[in-house]
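Architecture and fold: a report
The lines below spell out each chain.
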Amino acid sequence: MPQMRLDKFFSSQNLATRKEVKELLKQGRITVNGQNGNKGEDKIDPQLDEVCLDGKRVGYKKYLYLMMNKPQGVVSATNDQSQPTVLDLVPPELFRPGLFPAGRLDKDTTGFVLLTDDGDFAHRILSPKKHIAKTYHAVISAPLSEEQMNSFENGLVLKDGFRCLPAKIRLLKEGEQPLVEIVLWEGKYHQIKRMIGALGEKVLSLKRVKMGNLPLDPDLEPGACKEILHKDVERILE
Ligand code: URA
């Protein structure tokens, strides 16, 4: 692993700023391989060297992956002049420079958004060639006929003539405004709203509940996020 400045190591893990590292070093609270007397600019190998703060080993995570339950009214962007973004919701203890949402949900769509600073991984899950399954729960304005349900399997044609890839739809809860589960293997702009619109109905609410094989944690409150480990985030690619 390439070497890294000791102060950068701490700031990359969101543990301390460069200035704070200087102070911690002065106070003798940071050791490298058991040794005191290091400087912020000293180079370390984050995987080989044993860096301790107050005697406790500081683990190194190259990348961070956060599962967020996006609430309504928040945009899937890194910054916005007038509206709150998903990054604004990340608590300081989980925040890292370089985090961004890997994929977008509409402002009024809720549910699973992955935030990461791993550009390669984001590229892999966003690549249209990968056809990652995304599962949504939607409340729609009226029940659909069997024929309308079947049109999802066959590649529904949108009002603008675009033919969608075959998708799946199943009824979760009957009613005047039924709840359906929809699985897509592509992600066009407003896709589910446009698919339901092509059938003459409206989406009343939409939530993403799963990416690939990784479900949204049902205990995650709207607006909350939690760290997920690399081995679990790989389930998105399954
Ligand atoms: N389809 C939509 O219409 N909106 C989303 O946010 C996601 C899928």
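Residues numbered from 1 in each chain as written. Predicted model: local features only at pLDDT ≥ 70, side-chain atom pairs only at ≥ 80, totals over all residues. Heavy atoms only, no water.

Take the layout of surface pockets next. In this model, the largest pocket occupies a volume close to 710 Å³. Taken together, 30 residues line the largest pocket, and the ones lying closest to its centre are Arg-104, Tyr-136, Gly-187, Lys-188 and Tyr-189. Those elements that provide at least two residues to the lining of the largest pocket are α3 (119-126), β9 (134-140), α5 (191-198) and β12 (203-211). Class assignment of the residues belonging to the lining of the largest pocket gives a composition of 15 nonpolar, 8 polar and 7 charged. Counting the residues that make up the lining of the largest pocket, at least three belong to each of domain 2 (65-128 + 216-237) and domain 3 (134-211). The space that makes up the second largest pocket amounts to roughly 210 Å³. If you trace the second largest pocket, you find it lined by Gln-13, Asn-14, Leu-15, Val-58, Gly-59, Lys-61, Leu-64, Glu-93, Leu-94, Phe-95, Arg-96 and Glu-227. (1 Å grid on protein atoms, 1.4 Å probe; cavity = no way out; pocket = protein on both sides within 12 Å on 5 of 7 lines; lining within 4 Å. Points joined across faces, edges and corners; volume = space filled by probe spheres on them. Helix = DSSP H or I, 4+ residues; strand = E, 2+ residues; numbered from the N terminus. Nonpolar A, V, L, I, M, F, W, Y, C, P; charged D, E, K, R; others polar. Domains from an automatic or database assignment.)

This paragraph deals with the site of the ligand. With respect to spatial proximity, the complete set of residues near the ligand consists of Leu-105, Asp-106, Thr-109, Tyr-136, His-190, Gln-191, Ile-192, Lys-193 and Leu-206. The separation between a nitrogen atom of the ligand and a polar side-chain atom of Asp-106 is 2.7 Å. Contact distances for the ligand include 2.9 Å between an oxygen atom and a side-chain N or O atom of Thr-109. In isolation the ligand exposes 240 Å². Once the protein is present, 94% of that is buried. In this structure, the ligand is accommodated by the largest pocket. Within the shell around the ligand, the residues separate by chemical class into 4 nonpolar, 3 polar and 2 charged. When residues of the shell around the ligand are assigned to domains, at least three fall in each of domain 2 (65-128 + 216-237) and domain 3 (134-211). (Near = heavy atom within 4 Å. Polar contact = N/O pair within 3.5 Å; in protein donor to acceptor, adjacent residues only side chain to side chain. Areas by Shrake-Rupley, 256 points an atom, 1.4 Å probe, with all protein chains shown as cover. Sits in = over half its atoms within 2 Å of the grid points.)

On to the nonpolar core. With 33 residues, the main nonpolar core has Leu-66, Val-90, Leu-115, Phe-152, Ile-182, Ile-192 and Met-195 as its most contacted residues. Taken together, the elements giving at least two residues each to this core come down to β6 (65-70), β8 (110-116), β9, α4 (146-154), β11 (179-184), α5 and β12. Here this core spans two domains, since at least three of its residues come from each of domain 2 (65-128 + 216-237) and domain 3 (134-211). If near-sequence neighbours (up to four positions away) are discounted, Leu-66 is found in contact with Val-90, Leu-94, Leu-99, Val-113, Leu-114, Leu-115, Cys-225, Lys-226, Glu-227 and Ile-228. The next biggest cluster of nonpolar side chains, apart from the first, holds 16 residues, and it includes Met-67, Leu-114, Ile-228 and Val-233. (Core = buried A, V, L, I, M, F, W, Y, C linked by side-chain atoms within 4.5 Å. Buried < 20%, exposed > 50% of the residue type's maximum accessible area, 1.4 Å probe, protein only. Contact = heavy atoms within 4.5 Å.)

What follows deals with the sheet that holds strand β4 (residues 51-53). Strands belonging to one sheet form pairs held by backbone hydrogen bonds; the direction of such a pair is parallel or antiparallel. Taking strand neighbours across the sheet as the criterion, the 3 strands line up as β2-β4-β5 in an open arrangement whose pairing is antiparallel. Strand pairing shows two members of the sheet lacking a second neighbour, β2 (30-32) and β5 (56-57), which therefore form its edges. Two elements, β2 and β4, share 3 bridges in a ladder whose sense is antiparallel. By the bridge assignment, Ile-30 is partnered in β4 with Leu-53. (Pairing = 2+ DSSP bridges.)

Right, let's get into the side chain of Thr-31. Tracing the backbone shows Thr-31 in strand β2. What makes Thr-31 buried here is its relative accessible area of 17%. Beyond its immediate stretch of four places on either side in the chain, Thr-31 contacts Asn-36, Asn-38, Glu-50, Val-51 and Cys-52.

What follows is about the domain arrangement of the protein. The domains assigned to the protein are domain 1 (4-57), domain 2 (65-128 + 216-237) and domain 3 (134-211). Computed from C-alpha coordinates alone, the two centres of domain 1 and domain 2 are separated by 29 Å.

Checked against the element boundaries, Ile-30 lands in strand β2. Ile-30 sits in the buried class, given a relative accessible area of 1%. Once you skip the residues sitting within four places of it in the chain, Ile-30 turns out to touch Leu-6, Phe-10, Val-21, Leu-24, Leu-25, Gln-35, Asn-36, Asn-38, Val-51, Cys-52 and Leu-53.

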